[in-house]
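# Structural features, examined
Each chain, letter by letter, is given below.
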Amino acid sequence: MRAFCGIDWASDHHDIAVVDESGSLLARARIDDTAEGLDQLLRILAEHGDTAADPVPVAIETSRGLLVACLRTTGRPVYAINPMAAARYRDRHTVSRKKSDHLDATVLANILRTDAAAHRQLPADTELAQAVAVLARAQQDAVWDRTQAGNKLTSHLRAYFPGFLAAAGHRREGIYHSIARTLLAAAPTPQQAAQLTRTQLRALLKKAGRRNTIDKEVERLHTALRMPQMRHLPLVEEAMGRQTLALLRQLEAACVSADDLAEASVQAFEMHADAEIITSFPGLGPLSGARVLAELGDDRNRFADARGLKAYAGAAPVTRASGKSMSVAARRVKNQRLASVGYMWAFSALAHSDGARAHYDRRREAGDRHTAAQRNLFNRMIGCLHHCLTHRIPFDEAVAFPSRREPHLTLAA
């Protein structure tokens, strides 16, 4: 008789429940989050029919962690059940809304027993693809941290040193530029900035990596940092300068982390066999390609068709129909990381692909707003990516965006 296992995980222990095809409880246990606990789990599974040829499937409410990684290396199917879905299943077993770790483990096991086909099994990605996923996601997190740190610093400077923001805003990168960060570290208050000499400014620019037109930039900064502005009291201004240095250290750490992880992500991505195909698409470079590979993986059985991938990426809309009412809206439940890189991918493709630009323009002419038109373009591009990865072929502009011939016009006699 086939068995199904559910694991309610925690930081230091895990509750195990094994049920049979009729839903009867075969075994229950609480194991530690250690190697001994993993051995205990494997022994319990072996006692109930677990073999290498026919492993017992496991349901758990997370896709990460050492326990999940070790279970995946054994080759058994592991299902990452959404906690919200598990909560709905719990109501089938008890209407009193009681909750316990053992009950949660039993619910997870019964989910596999009754509805395994409705849930997604963790993909069998290669070791390199998993490494790319770790690096690319960490780099994306570092970019978000950098943005958050930059916003905090910008908001703080606006409260007492708006003149620096005006001087740093001369560049597109603004406060994130190495010159802006170097200047702010040397002169975090309006008084200190106004006292910087041309010689000091020249030295700071060279320290930040400036090589060309240094004299012109020195004069610009020398004038900008001496522009009159509203000021706080001296002691308050000095205290706010100290806070600026603390926020600046956070920004510096986030910038260094983002740059280091970007380099590591690109190096790992370029070693993968799918890298050449992914970067053949307009708008995808090594770093954005690494992010795409991190979320798609290299298990080609993960998505049965392109429609599943489009829904996973959030590019496909959601239709809600009931009676005489029907609405089509953007998908909210999606892979947020893939959707984020998809928006940038579609935006960049507009400048690198005539077909993509024409597709976007048609959607705009049909009444779509900018975001909807880009999402539709992303939907088209990711469908093409699924086809290219499945058939191991590079992107072809003529196939992806076939030219539309003008209708034949006849002249009246």
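Going by the structure above, here's the rest.
The present account deals with the structure reproduced in this document.

The rules behind each value
Residues numbered from 1 in each chain as written. Predicted model: local features only at pLDDT ≥ 70, side-chain atom pairs only at ≥ 80, totals over all residues. Heavy atoms only, no water. Helix = DSSP H or I, 4+ residues; strand = E, 2+ residues; numbered from the N terminus. Buried < 20%, exposed > 50% of the residue type's maximum accessible area, 1.4 Å probe, protein only. Polar contact = N/O pair within 3.5 Å; in protein donor to acceptor, adjacent residues only side chain to side chain. Pairing = 2+ DSSP bridges. Axes fitted to C-alpha atoms, helices over the stretch in contact; angles between N-to-C directions. Contact = heavy atoms within 4.5 Å. Salt bridge = Lys/Arg side-chain N within 4 Å of Asp/Glu carboxyl O. Patch = residues over 30% accessible without salt bridge, like charges linked within 9 Å, V, L, I, M, F, W, Y side chains within 5 Å. Areas by Shrake-Rupley, 256 points an atom, 1.4 Å probe, with all protein chains shown as cover. Lys, Arg positive; Asp, Glu negative; His and termini not counted. Charge placed at Lys NZ, Arg CZ, Asp CG, Glu CD. Core = buried A, V, L, I, M, F, W, Y, C linked by side-chain atoms within 4.5 Å.

## Examining unusual backbone geometry
- Positive phi is not limited to glycine here, since Thr-213 has a value of about 45°.
- Relative to the elements of secondary structure, Thr-213 occurs in the loop between helix H9 (198–207) and helix H10 (214–224).
- A positive phi angle is found at Arg-392, which is not glycine, with a value near 60°.
- Inspection of the secondary structure puts Arg-392 in the loop between helix H17 (370–391) and helix H18 (397–400).
- Taking relative accessible area as the criterion, Arg-392 reaches 42% and is therefore assigned partly exposed.

## Things to note about the environment of Thr-126
- Within the secondary structure layout, Thr-126 lies in the loop between helix H4 (101–115) and helix H5 (127–160).
- Taking relative accessible area as the criterion, Thr-126 reaches 38% and is therefore assigned partly exposed.
- Remark: the alpha-carbon pair of Thr-126 and Asp-299, spanning 173 residues in sequence, is separated by 7.7 Å.
- A polar contact is formed between the side chain of Thr-126 and the side chain of Asp-298, at a distance of 2.5 Å.

## What about the sheet that holds strand E5 (residues 78–80)?
- As summarised here, the arrangement of the 5 strands in space is E3-E2-E1-E4-E5, forming an open sheet in which the pairing is mixed. Of all strands in the sheet, those with a lone pairing partner are strand E3 (25–32) and E5, marking the two edges. Recorded for the sheet is a direction-independent mean angle of 20° between the axes of neighbouring strands.
- The pairing of strand E2 (residues 13–20) with E3 spans 7 bridges and is antiparallel. Paired with His-14 across the bridge in E3 is Ile-31.
- Packing against the sheet, helix H1 (residues 35–47) makes contact with strand E1 (3–9), E2 and E3, and its axis sits at approximately 170° to E3.

## Structural notes on the environment of Ser-325
- Among the secondary structure elements, Ser-325 is positioned in strand E7 (residues 325–329).
- Exposure remark for Ser-325: the relative accessible area of 47% places this residue in the partly exposed category.
- From its side chain, Ser-325 meets the backbone oxygen of Ser-322 in a polar contact 2.8 Å long.

## As for the pattern of salt bridges
- With the rule as written, the count across this model stands at 17 salt bridges.
- Taking the shortest distance from any N to any O, the salt bridge between Arg-181 and Glu-252 comes out at 3.2 Å. With Arg-181 in helix H7 (residues 178–186) and Glu-252 in helix H11 (residues 234–270), this pair connects stretches of sequence that are 71 residues apart.
- Between Arg-363 and Asp-368 there is a salt bridge, with the nearest N and O atoms lying 2.9 Å from each other.
- The exposure class assigned to Arg-363 is partly exposed, which follows from its relative accessible area of 29%.

## Description of a negative patch on the surface
- There is a patch of like negative charges on the surface, built from Asp-12, Asp-32, Asp-33, Glu-36 and Asp-39.
- Note on placement: Glu-36 falls in helix H1.
- Given the relative accessible area of 57%, Glu-36 is considered exposed.

## Details of the side chain of Arg-181
- Among the residues examined, Arg-181 registers a relative accessible area of 13% and is labelled buried.
- Those residues in contact with Arg-181 that lie beyond four places of it in its chain are Ile-175, Tyr-176, Leu-248, Leu-251, Glu-252 and Cys-255.

## Brief notes about the environment of Val-341
- Position of Val-341 among the secondary structure elements: in helix H15 (residues 336–352).
- For Val-341, a relative accessible area of 1% translates into the label buried.
- For the pair Val-341 and Cys-384, spaced 43 residues apart in the sequence, the C-alpha separation amounts to 16 Å.

## Section: the nonpolar core
- Phe-281, Leu-338, Trp-345, Phe-378 and Leu-385 are the most contacted members of the largest nonpolar core, which has 40 residues in total.
- In terms of residues, this core owes the most to one element, H17, which gives 9 residues.
- Counting 31 residues, the second largest nonpolar core, distinct from the first, contains Leu-157, Phe-161, Leu-165 and Leu-196.

## Quick look at the pairing of E2
- Of all the 8 residues making up E2, 8 are buried; the element is thus mostly covered by neighbouring parts of the structure.
- Here E2 shows two buried faces, one formed by His-13, Asp-15, Ala-17 and Val-19 and the other by His-14, Ile-16, Val-18 and Asp-20.
- Pairing of E1 with E2 involves 7 bridges; the strand directions are antiparallel. Bridge assignment links Trp-9 to a residue of E2, and that residue is His-14.

## Focus on H7
- Those residues of H7 that sit buried are Ile-179, Ala-180, Arg-181, Thr-182, Leu-183 and Leu-184.
- Summarising the contacts, the buried residues of H7 are in contact with H5, helix H6 (162–168), H9, H10 and H11.

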